[in-house]
Amino acid sequence: MVMQYYDVDSTATLLFYTKPNISYIEGNMNFSRQFYGLVLLILLSISLTVVAEEETEEVFRLEDVVVTARKREQRSFEVPLSVSTLQGERFDAIRSSGMDVRFLSNRTPSLQIESSFGRIFPRFYIRGLGNTDFDLNASQPVSLLYDGVVLENALLKGFPAFDLDRVEVLRGPQGTLFGRNTPAGIVKFESARPTQTLEGYVRVNYGRFNSSNFESAISGPLVPSVLSARLSLLVQRRDDWVDNQHTGEDDALGGHRDFAGRLQLLWTPTPELETRLKFHARDLDGTARLFRANILSQGEGGLVQDFSRGSIAHDGRNEQTLSTQGLSVEVRYDIGDFQLVSLTGFEQLTNFSRGDIDGGYGAAFLPVSGPGEIPFPSETASGIPNLRQFSQEIRLMSPAARRLTYQFGLYYFSEFVEMEDFNYDTLAEGALDGVARQEQASTAQAAFAALTFQMLENLELGAGLRLSHDAKDYTAWRDQAPAVTGAGPLGPIHENPQATVWSVDMSLRYQVAPSVQTYLRAAQGFRAPSIQGRLLFGDAVTVADTETILSFEGGTKLRLWAQRLHLNMAAFQYFMEDQQLTAVGGETNFNRLVNADSTIGRGVEAELVFMPITALEVSAGLSYNQTRIDDPNLAIQGCGAPCTMLDPPVADGIYAIDGNSLPQAPGWIADVALHYILDLPAGVRLIASTDWAYRSRVRFFLYDSVEFADDWLLVGGVRLACLLPYSDIEVALIGRNILNDTSPTGGIDFNNLTGYVNEPRFWGMELARRF
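Predicted, not measured: the structure shown is a model, and the values here were computed from it.

> For this particular structure, what's the right way to read the sheet that holds strand β5 (residues 83-86)?
Within a sheet, neighbouring strands are paired by backbone hydrogen bonds and run either parallel or antiparallel to one another. Strands sit in the order β5-β10-β11-β8-β9 across an open sheet of five strands; the sheet is mixed. Looking at the sheet topology across the chains shown, the edges are occupied by β5 and β9 (149-151). On average, adjacent strands in this sheet sit at an angle of 25° to one another, irrespective of strand direction.

> Mind showing me how you'd approach the state of the cysteines here?
Covalent bonding between the sulfur atoms of two cysteines is what defines a disulfide. For the structure on display, the rule yields one disulfide. Between the sulfur of Cys639 and that of Cys643 lies a disulfide, 1.7 Å long from S to S. Taking the sign of the torsion about the S-S bond as the criterion, the disulfide between Cys639 and Cys643, at about -80°, is left-handed.

> How should the pattern of salt bridges be read in this particular structure?
Oppositely charged side chains are able to pair whenever their charged atoms sit close together. Using the criterion set out here, one finds 54 salt bridges in the structure. Its salt-bridge partner being Arg102, residue Glu759 comes within 3.3 Å of it at the nearest N-O pair. Taken together, the residues Glu759 in the loop between β47 (754-757) and β48 (762-770) and Arg102 in the loop between α2 (88-94) and β6 (111-114) connect sequence positions 657 residues apart. Since its relative accessible area comes to 28%, Glu759 is described here as partly exposed. By relative accessible area, Arg102 is classed as buried at 9%. Across the pair Arg719 and Glu730 runs a salt bridge whose closest N-O atoms are separated by 2.7 Å. On the criterion of sequence distance, the pair formed by Arg719 in strand β44 (residues 713-723) and Glu730 in strand β45 (residues 729-736) is long-range, its members being 11 residues apart. Glu730 gets classed as buried once you look at its relative accessible area, which sits at 14%. Each member of the salt-bridge network shares a partner with another, and the members are Asp92, Arg95, Arg203, Glu215, Arg719, Glu730 and Glu766.

> Help me out: how do you make sense of the confidence of the model for the protein chain in this one?
The predicted coordinates of low-pLDDT regions are not to be read in fine detail. Residues of the protein chain with pLDDT of at least 70 account for 92%, and the chain-wide mean is 91. Here residues 38-43 is modelled with pLDDT under 50, and outside its nearest four sequence neighbours on either side it reaches seven contacts, counting other chains as well. Confidence drops under a pLDDT of 50 for residues 45-58, and excluding neighbours within four residues, the segment shows 20 contacts in the predicted structure.

> What is the right way to read the packing of aromatic side chains from this model?
Each aromatic ring pair is characterised by the separation of its centres together with the angle its planes make. The full count for this structure, using the stated rule, is 15 aromatic pairs. Centroid distance Phe91 to Phe103: 5.7 Å. Interplanar angle 65°. Geometry classified as edge-to-face. Of the two residues, Phe91 is situated in helix α2 and Phe103 in the loop between α2 and β6; the sequence distance between them amounts to 12 residues. When the ring of Phe572 is compared with that of Tyr574, the centres are 6.3 Å apart and the planes differ by 5°; the resulting orientation is stacked. Relative accessible area serves as the criterion here: at 0%, Phe572 is assigned to the buried category. In this structure Tyr574 comes out as buried when scored by relative accessible area, which is 2%. One aromatic cluster in this structure is built from Tyr146, Phe159, Phe162 and Phe189. The cationic tip of Arg127 hangs over the ring face of Phe572; the distance from NZ or CZ to the ring centre is 3.9 Å. Lying over the aromatic face of Phe162, Arg262 brings its terminal NZ or CZ to 4.5 Å of the ring centre.

About the cut-offs
Residues numbered from 1 in each chain as written. Predicted model: local features only at pLDDT ≥ 70, side-chain atom pairs only at ≥ 80, totals over all residues. Heavy atoms only, no water. Pairing = 2+ DSSP bridges. Helix = DSSP H or I, 4+ residues; strand = E, 2+ residues; numbered from the N terminus. Axes fitted to C-alpha atoms, helices over the stretch in contact; angles between N-to-C directions. Disulfide = S-S within 2.5 Å. Salt bridge = Lys/Arg side-chain N within 4 Å of Asp/Glu carboxyl O. Buried < 20%, exposed > 50% of the residue type's maximum accessible area, 1.4 Å probe, protein only. pLDDT = per-residue confidence, 0-100. Contact = heavy atoms within 4.5 Å. Phe/Tyr/Trp six-rings, centres within 6.5 Å; stacked < 30°, edge-to-face > 60°. Lys NZ or Arg CZ within 6 Å of the ring centre and 35° of its normal.

Right, here's the structure in full:
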């Protein structure tokens, strides 16, 4: 389906969609020079135009967000890289349905998030770079930091986002300050901090599917001027709402109960010393991802015409549990004008997920099966009985208000994870029919330094350097193979990859005028070696070598019309060597890691926030990304299901993917949000907001096929609120995915045309009070 435009609201704001051309332009380097020359010329023209602008009388203005993208507080306007922030009422609105962290997907330029696990194991993609791997030790090129502590495992990355001061999205390599596994960028969650004044809020909503969400925080002093605390709670639940047509059970699947909490203590015994202690935990019990058999239209793509969200036909079990606990300690000590910072983090996790992988019931060789043809039954589970992560960073920072500023530090990381994979015989009432196990111990050490130097009054030079060493000790073995394979126990198999990598970045920031900044940035990053060994059905362990990236970026940041308009623009190109790719699926659903010789990406990004009048705020983002795998010798197994392959075959069932774009990498991402306030007599205030997010075509796998792709996704939300007079009580009507866009977001290709879909439409009422 191709959409020329979509009317967002009565103001006729347009979101344009253009189906990306997956054939790439020959003569890459010549095109790159022309591309960047044109972009820089446009940016320079805009900058010179606004220099002459006369400031109007200041009546109202947008505030610049303070971020920690360079590990010290700075206005986003002054940071020479592409960075987005989400906070405040817009942040609260887009997550009001109780959705997990995937609510951030497509809400800033170049950011895509998806998951084949449901509410856990989010997979992040920035500028087209991500990892479709579903194994429990999968590494990702997008790092997630919660209050400065890296959450390495993808299951940890799913910790809910609540009671936050802001979300920061840093695009492009961040290897010098943040280290390993950041070649695509970083997503940072920053919690609201304890305060010395009593404050807090309560937010409760109830809606479709008997969903309820409770969120609350209270903050205040325990010892005035010395010790303060903040307690934050989140409880989200939803009843089962999907009928199982095979068993005849109504409301059999789709529900969850998700609890998370965070306690912070802020201790400031002297003006020089500040210590923040944080404990957080999560407990989840609910439905794993619902795989649906043969919902993708063969030979045409998209969903079959009779698809229904509210029904499924499974003969296997579905369950999911997760429990996490974490502790972090941040100490800041002023030594004269300098500051010494220590950040310690500890995380632990247990998890179990079981699902009906074929998405249907029975099998083709049995009298009864469906929906559609089910070649064979598949029911598996995976879990982590033990995960422990420890991280420690120490850095010394110079004063910020000097011509030369710098920081340097040391970093240590260790992780140990035990993983289990199980196969069940659905036709024997779910009897255990296969067990494989993995253990992985990872360590990383690094030393880093970064500086900025004010070369001229309006010209700043930035540079960073990091030396990293990464090592893994991996063991995998199989206790019992599924009976259908005819195999026996296997292993243990050991792997011990190591890598030592230098990361460098340099930037130039030029202040054209007080309201205009331009910058150029070159940066390197890397992803440490990765290991996969799905021995439940396979007999090999694969190792992917270190992945490295060199990125070039130029941008302009403008603050115009007396701070009523903020506009950020950037253009970039990156060259990645030995990109780690995950070839998943095939006839045995086997995971195999490969390195592509080269991957090339380029694109443009733009964001604006505009306040034309005091009562109205408009924000919007737009990005275009083009990616290409450049490896003539790279070929992978095609789909095991009866799909229509579009890549050239090189052998029976093997297809070349040279020239393909990356999976889950939409060409276009766009978002827009409007927030309007109307003050009425008697102290009544009405608040109306709407937000829309769009992405263009994505493929689900490395290969290109008609069926395992989705043309576009458009999700809209609305919130209509009334702030009651003489109180801080707010009553609101909320709606998410209000057009009920129903799109596949991923698939399983080894059995049938199995897919899974986006979140359903949600309506609800919300009551909130701040104090």
